[in-house]
Amino acid sequence: MRAPFFSNMEGRTRRSASTKSYVNMSETNNRSPFLEQPRFVDRLEDCFFYHAMELPGFGLIPAHWDLRGRFADYIGGVEVAGKSVLDIGTATGFLSFEAEKRGATRVLSFDMREARQQTFLPFKDKLYYRDPERWAKQYGAEIEQWRNAYWLCHRVLKSKAEVYYGNIYELPAELGQFDITIVGSVLEHLPDQITALASIARLTKETIVLISPLLQTDERIARFEALASNPDADFTWWTYSLGVYREVFGMLGFNIAKVSHAKYYYMYGDRFEVRSTIVAVRE
Ligand SMILES: C[S@@+](CC[C@H](N)C(=O)[O-])C[C@H]1O[C@@H](n2cnc3c(N)ncnc32)[C@H](O)[C@@H]1O
């Protein structure tokens with residue numbers, strides 16, 4: 001179920017990223033200073049695409065995951081028209097832009113503020129563990145490329161989505177309340193899913209849509225996904241069971257209304273992988 005979407009900084013060639021030189025903060029908006037100002041990005045080589053995107057003037061841009069035509073399945077058939085939507089871990093922003101296209105009234109795309117908020121598993125020979133400062137510098141440059149891809153899409157799709165970069169464990173109340181929050185393929189990459197879900201629930205009025213690998217049992221268990229012998233797979237911590245999510249959502253005042261499973265296309269591996277979608281609705 002794992003997807004190698006996070007690069008291993010060691011052993012992987014990347015384009016050099018001098019994002020500052022080409023990123024103009026020329027588009028501005030009148031929104032809260034709390035939110036990010038749009039960046040002007042127009043070169044694909046300055047971007048890292050996590051989601052495959054079909055963009056005016058650029059055509060199809062291949063990427064790790066191709067969710068085109070699969071939005072409804074991915075978010076468990078939840079209707080976003082007329083709703084405000086918070087997109088947690090937006091990456092290239094496919095889910096935000098799709099929600100907007102389908103009539104969401106307000107969309108806020110959230111992602112981490114800084115490299116150190118990304119938690120990998122601690123393998124003794126990896127830079128992340130050996131030299132956290134150097135790692136953070138390198139990974140920070142990579143994150144800029146993820147962001148550039150988002151902002152390029154945002155511009156050419158004429159998106160009005162707002163953007164906030166911050167701490168998933170302490171999402172600020174100032175962002176407001178959202179009818180629907182989409183938490184797509186994020187929680188399995190955190191050491192503490194439950195504190196993150198609590199932070200997300202505080203901002204959610206009606207529905208949380210959680211997409212993740214899932215243990216399909218009501219037993220309250222989690223599987224630790226990492227192996228000491230496999231340092232390449234350093235980005236997935238735990239797969240939780242439905243039983244765990246049921247209890248955690250219950251604590252937070254939500255009921256699980258629907259659970260669905262589907263296969264999604266991992267483009268770079270030319271294979272399909274199963275993901276589960278839990279729709280939890282406020283009591
Ligand atoms: C696997 S991608 C999922 C993208 C999209 N949500 C989807 O479902 O297709 C994971 C996203 O979560 C974000 N992420 C990972 N750890 C995070 C953290 N600690 N705080 C905030 N965002 C995080 C990554 O930056 C990335 O954008």
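Higher on the page you've got the structure.
Treat the numbers as computed from the prediction; the structure is a model and nothing was measured.

Draft legend 1. Spatial organisation of unusual backbone geometry. With a phi close to 55°, alanine 91 is a non-glycine residue in the positive phi region. In this model, lysine 158 sits at a positive phi of 55°, which is unusual for a non-glycine residue. As for its placement among the helices and strands, lysine 158 is situated in the loop between helix H5 (132-156) and strand E6 (162-166). Judged by the 9 C-beta atoms lying within 10 Å of it, lysine 158 falls in the exposed class.

Draft legend 2. Structural detail: the site of the ligand. The full set close to the ligand counts 18 residues, and Gly89, Ala91, Met112, Ile168 and Gly184 are the nearest of them. Among the residues forming the shell around the ligand, the class breakdown is 10 nonpolar, seven polar and one charged.

Draft legend 3. Summary view of the sheet that holds strand E11 (residues 254-266). Strand order in the open sheet formed by eight strands is E3-E11-E12-E8-E7-E4-E5-E6, with mixed pairing between adjacent strands. Single-partner strands in this sheet number two, and they are strand E3 (65-66) and E6. In this structure, strand E7 (residues 178-184) lies alongside strand E8 (residues 204-212), joined through six bridges in parallel fashion. The residue bridging glycine 184 from the neighbouring strand is isoleucine 211, located in E8.

Draft legend 4. Focus on the environment of lysine 83. Mapped onto the secondary structure, lysine 83 falls in the loop between helix H2 (71-74) and strand E4 (84-88). The sequence separation of lysine 83 and glycine 103 amounts to 20 residues, and the corresponding C-alpha distance is 7.7 Å. Beyond its immediate stretch of four places on either side in the chain, lysine 83 contacts Ala104, Thr105, Asp179 and Ile180.

Draft legend 5. Examining the nonpolar core more closely. Val85, Ile88, Ile182, Val183, Ile200, Val209 and Leu210 are the most contacted members of the largest nonpolar core, which totals 66 residues. The greatest single-element share of this core, amounting to eight residues, is contributed by H5.

Draft legend 6. Highlighting the pairing of E11. Here two bridges tie E3 to E11, and the two strands are oriented antiparallel to one another. Bridge assignment links tryptophan 65 to a residue of E11, and that residue is tyrosine 266. As paired elements, E11 and strand E12 (residues 271-282) share 12 bridges and run antiparallel to each other. The residue of E12 that forms the bridge with isoleucine 256 is alanine 280. Count of turn residues in the E11/E12 antiparallel hairpin: four residues, of which aspartate 270 carries a positive phi of about 50°.

Basis of the calculations
- Residues numbered from 1 in each chain as written.
- Predicted model: local features only at pLDDT ≥ 70, side-chain atom pairs only at ≥ 80, totals over all residues.
- Helix = DSSP H or I, 4+ residues; strand = E, 2+ residues; numbered from the N terminus.
- Buried ≥ 20, exposed ≤ 12 C-beta atoms within 10 Å, placed from the backbone.
- Near = placed C-beta within 6 Å.
- Nonpolar A, V, L, I, M, F, W, Y, C, P; charged D, E, K, R; others polar.
- Pairing = 2+ DSSP bridges.
- Contact = placed C-beta atoms within 7 Å.
- Core = buried A, V, L, I, M, F, W, Y, C linked by C-beta atoms within 7 Å.

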